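Overview (structure and organization)
Here's the letter readout for the chains.
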Amino acid sequence: MLARLITGLTSGAGYALVAVGVVLVFRSMRVLSLAQGEIGAFGFFVGLRWADRGIPGVRWHISPLLTLVVAVVVSMLVALVVERFVVRPLASRPPIDALIATLGVALFLALLEKEMFGTAAQFAPSPVGAWKIEVFDATLTAPRVVAFVVLVVVAVLTWALFTRTRFGLGVLATAGDPAVARVLGVRVRRVYRFAWIVAGALAGLAAALLGAAFGGIAPFDMTRFGLRALAGAVIGGLDSIPGAIVGSLAVGVLESVVGGTFEEPGTAELAVLVLVLGTLLVRPRGLLGTEGAT
Amino acid sequence: MKPSQILAPVAVAVALAWSLLLGDVKISVLVGVVAIAIVALGLDVLVAWVGELSIAHAAFFGIAAFTTVNVGDRGAPWPLAIVAAVAATALAATIAGLPSLRIRGLQVAITTLAFQVFAERYLFTRGDVTAAGRSLPRPAMLEGDVQLYLFALVCLALVLVLRHRIAVTKAARSFVAVREAESRAPCFGVRPGPTKLLAYALSGAIVGLGGAVFAMKAGSISAKEPFLLIESLQLVAIVVVGGRGSAAGIVTAAFLVKGVSQFVSSVPLVDARPDRVFPITSAALLVASIVAFPDGIGGIYRAAGRGADRLLGKGGARPDPRPQPVDPLGTARRGSTLLTVPRPLRLRMPVPALLRARDVVVEFGGLAALDRISLEVRRGEIVGLIGANGAGKSTFFNAVSGLVRASGSITFREVELVGRPAAERSALGIARTFQDVGLARSETVSTNMLLAQTWLVPTPAAGAILGFGRSAADERAVRHRAEIALELFGLQHLADVRLGDLPYGTARIVEIASAVASGPDLLLLDEASAGLAPEEAHALGDRLVALRDELGITLVVVEHHVPLVRRICDYAYCLESGAVVAEGEPAVVTEQPRVVASFLGRAHAATGGRVA
């Protein structure tokens, strides 16, 4: 039981990395992105491909560690493109349009992955080494430990960003009212770009670590994992980074404990659905969300 | 008849004839396309009318198909299997829609995504759900593929009729009210919760029919691929690429995404198998369409229709966006029609005060926006509410119309309003406008006129769609009232113009006209003259006086334009920090130093307070 709880915390950490990106984007632009998971997965797929078949032209096979780097860089670039050419033009439209657009991006990327890498799950060697540690009864593989450590670092950094830097305050001002923020001298576009770049990088990291933790990754997997991150973000309250972290960890633990306790397939998904519905029923704005933010 | 009205039926007939000339194999493919088109049309009910996105429609599709096979295999006659599928899917969609009662659109999309994943991992992994090993014997009369195709087309036609019924009845207006301004919908007599659930149920029922067609084609269902997440996303792509709200566009998109790929053996230029190229192209089109061309294929059709009209000289020029002069004699007789609105009889008024507020308090998080306000409006008066921004004028309107929780007492014709649901208050005879035009900007003027009268149709929305009660007569009545109100305000030439395309001043007059169309006894106007040029404001004043004199409507106006208040109001209240600080004749009230100070700032008070 304790072992499952700890394992669940580490997969929850992976979801939380995606969820923090979702919240960053939502906070700055009021856009709920369904594409985050698949953006990360796409980056990781490119990394895996280059590790497996070599970089096109130079036939140089990259090491597993570099798959992680490639995942982060490619995801950042994709996120930038999505921000500039898909989401930004939709700024003055109803929020559902941006939601549909990001959904389209997720669909496009997943199908592109399917086209380039096939339907079967790609084996994903751990980019951070094959070591393991024992915590209580749980045996944690390297990607799980790293995911958790990275999450702690991200939590501290975002906290510092929003409370200690001018730029962080600018992000907050933009979230409140982009027009006012612009008048106050905040470079709103830079804030948007920043949110997407960070979200893309986190998604790439999450995909690489989760893919390795689960042994492989297939097209659409990250939309499914992304759902858990989105569930975590919604439970925590869409505009709260601590909320997203707590919510995602809760989802990870619930999934691990329920999935491990019941033999039947799909009980973990049922539990996640019940958790999301239950939380929103009792508290529509989420655990730590602001009233009226959604 | 306009050329565009002839083009559509001709196009449909040509497509039909062409499809029937295809061989059996291709016709069987078309049956699948029709099933998907039906499902997409069901999804569109939610997306286009209610503005909510469901990512669970492939799961609903699966529930429908599996139910059909499960019921059919147990010996039930096939029509019963279809009915069962429709009912089960409507129920499933309604359950999946329950969260929308508590949370808003974006979060609802996530809960539907969670439902989709739950359905594919939990429901569809169970043998008793997925009808494993069961089969649906195809009925004798639908044995051939052509017969089945015709049957599928009948189902599609049924769905189109249903969508048309939604569009021309109260249901569409209720949906639009929820989509455009959920919090204000009660002012039109629309209760958002039941309205949303109705939309989910309708959407589910339509998907149920699509699923049944699919199941009858397949006979037995071995794979669950058509019901997975990717298909849910593709359904969204079909709806958006086809054009939200456009049935013709959506059917076309369904054919392009699901049909064409099976008709061609290879795709030119890229030389790849079509079933690999088409899905990804549809995803790219989805993104491109939502960014650059949100009206989709339906938009192209409409543009083509307009182009044909213009080419053949039948398209009208752009109408003058201003109200037109009205023939007073002609409208006099018709105008009185607006006054006959059924009211609960016990409301007959024994006292002169039409509206009386006593010690009304409205608090936002411990801060009193209204602090024990008491005021009175008598029948036949025009009462002005003045005061600086934040004084509580709009909050008072919200308290009267029930959009905020108030304590104290507000009586209208001696009926206590506090504690009464907002949606019931319109029927008592209260109508209102909003500071920022509280109508649907993306809809036409005439739709907006009907929107304000939603509560006047007594049949529930679901019943009205099916034609129960006196729905046809009711519908004629409200359309007639809308015409008269447009005529009264000289707006009839703008009936088919989108509200958002009108200048702000005209849009405000449309809002007043829509409120008048619902035949109120009391009309609350929030900053009616804001954004109007001086001469327009003067004309508006004349209209308001005429509303009172000729239609007997009592008015309460929130107004910043002091000359207008002095000209038209019989009585004025000045509010400051949620309390009444002065009342009396407008000319007197607006001269009081305290009012001038609160209204125009201390500097003006120092110069003697000349404001007019």
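On a predicted model such as this, the values are computed, not experimentally measured, just so you know.

**Focus on the overall build of chain A**
Regarding its fold elements, chain A presents eleven helices and four strands. Taken over the C-alpha trace, chain A has a radius of gyration of 18 Å; the compact-globule value for 294 residues is 19 Å, and the two agree within 12%. The dimensions of chain A, computed from C-alpha atoms along their principal axes, are 50 × 50 × 35 Å. Looking at chain A as a whole, 56% of its 294 residues are labelled buried. The long-range fraction of contacts in chain A, counting pairs at least 24 apart against all pairs at least 6 apart in sequence, stands at 75%.

**Thoughts on the sheet that holds strand β1 (residues 353-364) of chain B**
Residue and element names in this part refer to chain B. One open sheet accounts for four strands, arranged β2-β1-β4-β5; its pairing is antiparallel. Where the open sheet ends on each side, the last strands, each with one partner, are β2 (367-378) and β5 (415-416). Across the sheet, helix α15 (residues 393-401) touches β1, β2 and β4 (407-412), and the angle it forms with β2 is around 70 degrees.

**A few points about the environment of B:A283**
On the secondary structure map, B:A283 appears in helix α12 (residues 274-292). When the 26 C-beta atoms within 10 Å are taken as the criterion, B:A283 is described as buried. Apart from the residues lying within four places of it in its own chain, the contact partners of B:A283 are A:G104, A:L107, A:F108, A:L111 and B:A237.

**What to know about the packing of helix α9 (residues 221-236) of chain A against helix α5 (residues 105-121) of chain B**
How two helices sit against one another is set out by the angle between their axes and by the gap between those axes. Close contact between α9(A) and α5(B) brings their axes to 10 Å; oriented N to C, the two are set at 140 degrees. When the axis of α9(A) is compared with that of α5(B), the two are oblique. Crossing angle aside, the handedness with which α9(A) passes α5(B) is left-handed. Across from A:R224, A:L227, A:L230, A:A231 and A:V234 in α9(A), the residues of α5(B) making contact are B:Q107, B:I110, B:L113, B:A114 and B:V117. By residue class, the composition of the contact of α9(A) with α5(B) is eight nonpolar, one polar and one charged.

**Some words on the domain arrangement of chain B**
All names here are of chain B. For chain B, the assigned domains read domain 1 (3-307) and domain 2 (438-519). Taking only C-alpha atoms into account, the centre of domain 1 sits 30 Å from that of domain 2. With 18 residues of domain 1 at the contact, the number on the domain 2 side is 15 residues. Contributions of two or more residues to the side of domain 1 that touches domain 2 are made by α7 (145-168), α8 (170-180) and α9 (192-218). Examining the composition of the side of domain 1 that touches domain 2, we find that seven residues originate from one element, α8, more than from any other. Of the residues that constitute the side of domain 1 that touches domain 2, the class distribution is nine nonpolar, four polar and five charged.

**Some details on the interface of chain B and chain A**
In many analyses, interface size is given as the accessible surface area lost on bringing the parts together. Each partner contributes residues to the interface: chain B has 36 residues there, and chain A has 39 residues. For the side of chain B that touches chain A, the elements supplying multiple residues, two or more each, are α5, α10 (229-242) and α12 of chain B. Of the residues forming the side of chain B that touches chain A, the biggest block, twelve residues, is contributed by α5(B). Counted by class, the side of chain B that touches chain A contains 27 nonpolar, five polar and four charged residues.

**Details of α12(B)**
For an α-helix, the turn length of 3.6 residues means that residues three or four places apart are oriented alike. Taking 1.5 Å per residue as the helical rise, α12(B) with its 19 residues ought to reach 27 Å, and the 25 Å between its terminal C-alpha atoms agrees with that figure. For α12(B), every residue scored as buried is listed here: B:F278, B:P279, B:T281, B:S282, B:A283, B:L285, B:L286, B:V287, B:S289 and B:I290. Next to the buried residues of α12(B) lie α3 (64-87) and α4 (95-117) of chain A together with α10, α11 (247-263) and α13 (296-311) of chain B.

**Points about the nonpolar core**
Residue and element names in this part refer to chain B. I38 and A513 are the most contacted members of the largest nonpolar core, which has 311 residues in total. Here the element with the most residues in this core is helix α2 (residues 24-50); it accounts for 20 residues. In this structure, this core is formed jointly by two domains, domain 1 (3-307) and domain 2 (438-519), each of which donates at least three residues. Ignoring any residue separated from it by four or fewer positions in sequence, one finds A513 in contact with M449, A485, L486, L488, F489 and L491.

**A word on the environment of B:G51**
Positionally, B:G51 belongs in the loop between α2 and α3 (57-73). Each C-alpha atom, one on B:G51 and one on B:R470, is 29 Å from the other, the two residues being 419 residues apart in sequence. Discounting chain neighbours no more than four positions away, the residues touching B:G51 are A:P94, A:I96, B:G105 and B:R179.

**Side note on the confidence of the model for chain B**
Residues and elements named next belong to chain B. Taken as a whole, chain B shows an average pLDDT of 86; of its residues, 93% reach a score of 70 or greater. Low confidence marks residues 603-612, where pLDDT is under 50. Its contacts with residues over four positions away, or in another chain, come to 16 contacts. As a predicted assembly, this complex carries a pTM of 0.89 together with an ipTM value of 0.90.

**Regarding the pairing of strand β10 (residues 579-584) of chain B**
Two faces belong to every sheet, and in a regular strand the side chains alternate between them. Residue and element names in this part refer to chain B. In the sheet, strand β9 (residues 571-576) pairs with β10 via five bridges, with the strands oriented antiparallel. Considered in β10, the bridge of L575 is made with V580. Connecting β9 to the next strand, β10, in antiparallel fashion are two residues, including S577 with a positive phi near 45 degrees.

**As for the sheet that holds strand β6 (residues 430-432) of chain B**
Residues and elements named next belong to chain B. The sheet built from six strands is open, its strands ordered β6-β7-β8-β3-β9-β10 with mixed pairing. On the outer flanks of this sheet lie β6 and β10, each paired with one strand and no other. Each strand of the sheet is rotated relative to its neighbour by a mean of 20 degrees, with strand direction disregarded. Strand direction decides the pairing type here: strand β3 (residues 382-386) and β9, joined by four bridges, are parallel.

Each value, and the rule that gives it
Residues numbered from 1 in each chain as written. Chains lettered and ligands numbered in written order. Predicted model: local features only at pLDDT ≥ 70, side-chain atom pairs only at ≥ 80, totals over all residues. Helix = DSSP H or I, 4+ residues; strand = E, 2+ residues; numbered from the N terminus. Rg over C-alpha atoms; globule rule 2.2 N^0.38 Å. Buried ≥ 20, exposed ≤ 12 C-beta atoms within 10 Å, placed from the backbone. Contact = placed C-beta atoms within 7 Å. Pairing = 2+ DSSP bridges. Axes fitted to C-alpha atoms, helices over the stretch in contact; angles between N-to-C directions. Parallel < 35°, antiparallel > 145°, perpendicular 65-115°, else oblique. Left-handed = near helix turned anticlockwise from the far one by under 90°. Nonpolar A, V, L, I, M, F, W, Y, C, P; charged D, E, K, R; others polar. Domains from an automatic or database assignment. Expected span 1.5 Å × (residues − 1). Core = buried A, V, L, I, M, F, W, Y, C linked by C-beta atoms within 7 Å. pLDDT = per-residue confidence, 0-100.

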